[in-house]
Amino acid sequence: MSQVVILAEKPDQGRKLAAPFPSVKKEGYLEIKPCQVFPDGAKITWAIGHLVELKNPDEYKDEWKKWRFETLPIIPDHFSYKVSKGKAKQFKIVKELLKEADEIIIGTDPAREGENIARLLIMMAGAERKSVKRLWTSSLTENAIMKGFTELYDGSKTIHLYHEAQARQISDWLVGLNASRLYTLHLQKKGIRDVFSVGRVQTPVLKLIYDRQKEIENFKPEPFFELQAAFEVAAGNYTGKLKGRFKSPEELFAAVGPEIVKGKMLYEATVKSAETAEKRVPPPKLHSLSTLQAKLNKQRKMSPSGVLKTAQSLYEKGYISYPRTDSQFITEEEFSYIKARIGQYQETLSLSFTPARLSPSKRFVDAKRVSDHYAIVPTEKKVTQAAYNSFSGEQKAVYEEVIKTALGMFMEDYVYDETTILTAIGKNDFISKGRTMKKPGWKTLYQKETDSPDEKADLQMLPKVAASEPAKAEIGVKDGMTQPPKPYTQGQLITLMKTAGKHVEDKEMREALNSTEGLGTEATRSGIIDTLLMRKFIEVKKNEVFVTPKGEVLCEAVDGTLLSKPEMTAKWEVYLKGIGSGEKSKEVFIETAKKFCYTLISQAGESMEKLQVTIPPQQETRAAICACPACQKGSIMDRKTFYGCTEYKSGCKQTFPKKLLGKSISAAQIKTLCQKGKTNKLKGFKGKKPFDASLVLKDGKIEFSFE
């Protein structure tokens, strides 16, 4: 009797993998009863994300606990793993099941990190010598799962993904740990008491945002002048614009004279040409994760991590295909089942149209351009009205967008006529553009979405005119100021990471970055933004991303080093991809990362000597609450766990608690207390019984008043 154990990534995924089979719930796993696919039955167990992680520095050597220059770089002789905190119970269950197994089926997410989670568990359980098979499916519908279990890969086919994940994990640990300690210590020497997290992907991304911010700050607006005209012909009126911008009215009129002169507004004009061309816009491509994140951030201001989390939840429910994909193509197999369910998808969104084409187009269907995963598309699983009504607003937004791109494959192009009229005043040609819609095609799916500003500008209704037709013209000068570039939005950041090669001067490195889809991967880009937010290097205001003073300090500190440039990540990603395909060595990569840590230490020393820190420590930038009532010199500040005076180094001992008898005391209440000596009645103090009271300040101490 053969004992089969299936490893899932999370409990939900484990339940999905068991759904097509008769099963019984046990503690920490599910037992599949004997069936056609598993004649002797099987057991499905799961990680809870990462059950296993790399050890901390101090778990190798005590001397690595304290952050000191002398201990850098920190490079263990070998890398060891430990069970993640709070996950020992589930690990024990998984370990015992794996030890009993005759065959292990890896059923974690079909990607690099999923492979890493499973293989580390197998290693930590001492089960590496056992037979390993790999379930590889981009969908969690029952049909897809059944098909996947009958077409299992041999474990050797995907083990290189584990080696790739290991190389990335260990090298990021080395660079992140050493660089973070190195720059934190250097900046502490400059008087900044803060911790600076540095990483090979997050830091170049931060630097790209910083460079845009500096570009905006250093931008010098310049005046510009344009010449516009309102024309009147037999069939009606329209407006036109002279090509080009001028720095002054004098320069403008020098260019358009002698036919057009300053001070004269009315002229005789002639229609030089009127051409109409039919334009066709094909339906939008299917979505990869990055394009889905960018679209929903632009349209609905959803954060990239919110889009990924929502898409993952729909995938785990079996409604959409695997979301962490970089492909925008599907195979004929997916096209076939989507075609068979056009009516089902229309019904879900209350849409109605007759499909215009039912054969696959290379714009969407190309097996050669699908590697590990195809584009994000709806699965064959029907979303009932009750299920759809139970979706959150975010789930509806993601599911609707995925369905719309899938339905777009069967719709006509958006077709319009674009008319361009050239109207001349002497030698000066004024351009007028307009468009007339002929067929809405796929655009009917997106009726609620607004056109871009460029499209709106082109929507002028033009009258019918003929070449050589006379026109009356009234000219006007439009003046304005050149505008700085705008800050990146969160969605643009995702696209920026994907196209980071555009910001690299070296041709070879630019091509390398472009070939690996830029900085990070589909699965990690939203996490990089979250990390920068969490570590207070960036902040988001109305969906626009700004670098904080802390982030600016780090960017100035790493400026000029490899850590500030996308080039290093380009080299790493190219090599990592080679490890994943079995062509490159994990060991060579890790050795290169070790050498890089030594380079970093010498580079940082040189750059930090030149660094002039202009931004004061973060805690000193906080706004004062009020003047100190005790010393009258200092200010009362929020000190995280209490309120205290800035003159504490000079001996002022005035402090106030943030919590008093179970009640939080706000900065506004402290301000009132210091300035008026007494607060209003506050509710919710907890003594032997709950009570309400005012706070009174007497000789620097707080007392209660029950008046």
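Above this text you will find the structure in question.
As a convention, each chain's residues are numbered from 1 in the sequence order in which they are written. Where local features are concerned, this predicted model is filtered to residues with pLDDT of at least 70; where side-chain atom pairs are given and counted, the filter is 80 or more; whole-chain, interface and lining totals use all residues. Calculated side-chain values reflect all of the structure's heavy atoms, with hydrogen atoms and water omitted.

Engineer: Would you explain the overall build of the protein in this entry?
Structural biologist: Segments assigned H or I by DSSP are reported as helices when at least four residues long, segments assigned E as strands when at least two residues long, and all are numbered from the N terminus. Each helix and strand in the protein was counted, giving 21 helices and 26 strands. Along the first, second and third principal axes, the C-alpha atoms of the protein reach 90 × 85 × 60 Å. Accessibility here uses a 1.4 Å probe with only protein chains present; expressed as a share of the type maximum, an area under 20% marks a residue as buried, one over 50% as exposed, and anything in between as partly exposed. Expressed as a percentage of its 707 residues, the buried residues of the protein come to 49%. Two residues qualify as a contact provided that any one of their heavy atoms is within 4.5 Å of a heavy atom in the partner residue. When contacts within the protein are restricted to residue pairs at least 6 apart in sequence, long-range pairs at least 24 apart make up 71% of them.

Engineer: Help me understand the environment of T184 in this model?
Structural biologist: Residue placement: T184 occurs in helix 5 (residues 159-189). Taking C-alpha positions, T184 is 9.2 Å from L554, a pair spaced 370 residues apart along the chain. Setting aside chain neighbours within four positions, we find T184 in contact with W67, D194, V195 and F196. Here F196 takes part through its backbone nitrogen, which lies 2.9 Å from a polar atom of the side chain of T184. Contacts described as polar in this section are N or O atom pairs within 3.5 Å, which, within protein, must combine one atom able to donate a hydrogen with one able to accept it, while residues neighboring in sequence count only if both atoms come from side chains.

Engineer: What is the right way to read the sheet that holds strand 19 (residues 635-638) from this model?
Structural biologist: Hydrogen bonding along the main chain pairs the strands of a sheet, whether they run parallel or antiparallel. The strand order across the open sheet formed by four strands is 18-19-20-21, and the pairing between neighbours is antiparallel. The open sheet has two edge strands with one neighbour each: strand 18 (626-627) and strand 21 (655-657). In the sheet, strand 19 pairs with strand 20 (residues 642-645) via three bridges, with the strands oriented antiparallel. For M637, the partnering residue across the bridge sits in strand 20 and is G644. Two strands make a pair as long as DSSP finds a minimum of two bridges between them.

Engineer: It is not clear to me how helix 21 (residues 667-676) should be interpreted in this structure. Could you clarify?
Structural biologist: Because an α-helix completes one turn every 3.6 residues, residues spaced three or four positions apart along the sequence face the same direction. Residues I670, L673 and C674 constitute the buried set of helix 21. When helix 21 is viewed along its axis, its buried side chains cluster within an angular range of 90° and face the same direction. In helix 21, the exposed positions angled more than 90 degrees off the buried face are occupied by A668, Q675 and K676. Contacts from the buried residues of helix 21 go to strand 18, strand 19, strand 20, strand 21, strand 25 (690-698) and strand 26 (701-705). Our arc is simply the arc of the directions from the helix axis toward the C-beta atoms.

Engineer: Explain the nonpolar core to me, please; I cannot follow it from the model alone.
Structural biologist: Among buried residues, those of type Ala, Val, Leu, Ile, Met, Phe, Trp, Tyr and Cys that are joined through side-chain atoms within 4.5 Å constitute a nonpolar core. Grouped together as the largest cluster of nonpolar side chains are 82 residues, with contacts concentrated most on L98, L174, Y183 and L563. Per-element accounting of this core gives the leading share, 12 residues, to helix 5. Leave out the neighbours within four places in its chain, and Y183 touches V198, A557, V558, T561, L563, A604, S607 and M608. Residues I32, F364, A397 and M411 belong to the second largest nonpolar core, which totals 64 residues.

Engineer: Please clarify how the pattern of salt bridges should be interpreted in this entry.
Structural biologist: Pairing is possible between side chains of opposite charge, provided their charged atoms come close. In the sections that follow, a salt bridge refers to a side-chain nitrogen of Lys or Arg positioned within 4 Å of a carboxyl oxygen of Asp or Glu. Taken as a whole, this structure holds 41 salt bridges when the rule is applied. Between K82 and E59 there is a salt bridge, with its nearest N and O atoms 3.1 Å apart. Of this pair, K82 sits in strand 6 (residues 81-83) while E59 sits in the loop between strand 5 (52-54) and strand 6, placing them 23 residues apart in sequence. Salt-bridge contacts for K272 lead to D429; the nearest nitrogen and oxygen are separated by 2.8 Å. Of this pair, K272 sits in strand 12 (residues 266-281) while D429 sits in strand 14 (residues 428-439), and the two are 157 residues apart along the sequence. K272 gets classed as partly exposed once you look at its relative accessible area, which sits at 48%. On the basis of relative accessibility, which here comes to 23%, the residue D429 falls in the partly exposed class.

Engineer: Is there a simple way to think about the sheet that holds strand 15 (residues 470-481) in this case?
Structural biologist: Read around the closed barrel, the six strands follow the order 10-11-14-13-12-15; overall the barrel is antiparallel. Across this sheet, the average inter-strand angle for adjacent strands is 35°, counted without regard to direction. Packing of helix 7 (residues 249-256) onto the sheet brings it into contact with strand 10 (223-233), strand 11 (236-242), strand 14 and strand 15, and relative to strand 10 it is tilted by some 45°. The convention used is that axes are lines fitted to C-alpha atoms, helices contributing only their stretch in contact, and that angles between N-to-C directions extend from 0 to 180 degrees.

Engineer: Can you walk me through helix 1 (residues 11-18) in this structure?
Structural biologist: Inspection of helix 1 places Q13, G14, K16, L17 and A18 among the buried residues, and these make up the whole buried set. Summarising the contacts, the buried residues of helix 1 are in contact with strand 1 (4-8), strand 2 (23-26), strand 3 (29-32), strand 4 (42-46), helix 4 (142-150) and helix 9 (304-316).

Engineer: Which parts of the structure should I look at to understand the side chain of T419?
Structural biologist: Mapped onto the secondary structure, T419 falls in strand 13 (residues 414-425). Judged by relative accessible area, T419 falls into the buried class, the value being 17%. Sequence-distant contacts of T419, that is, excluding residues within four places in its chain, are made with E275, T276, S432, K433, G434 and L462.

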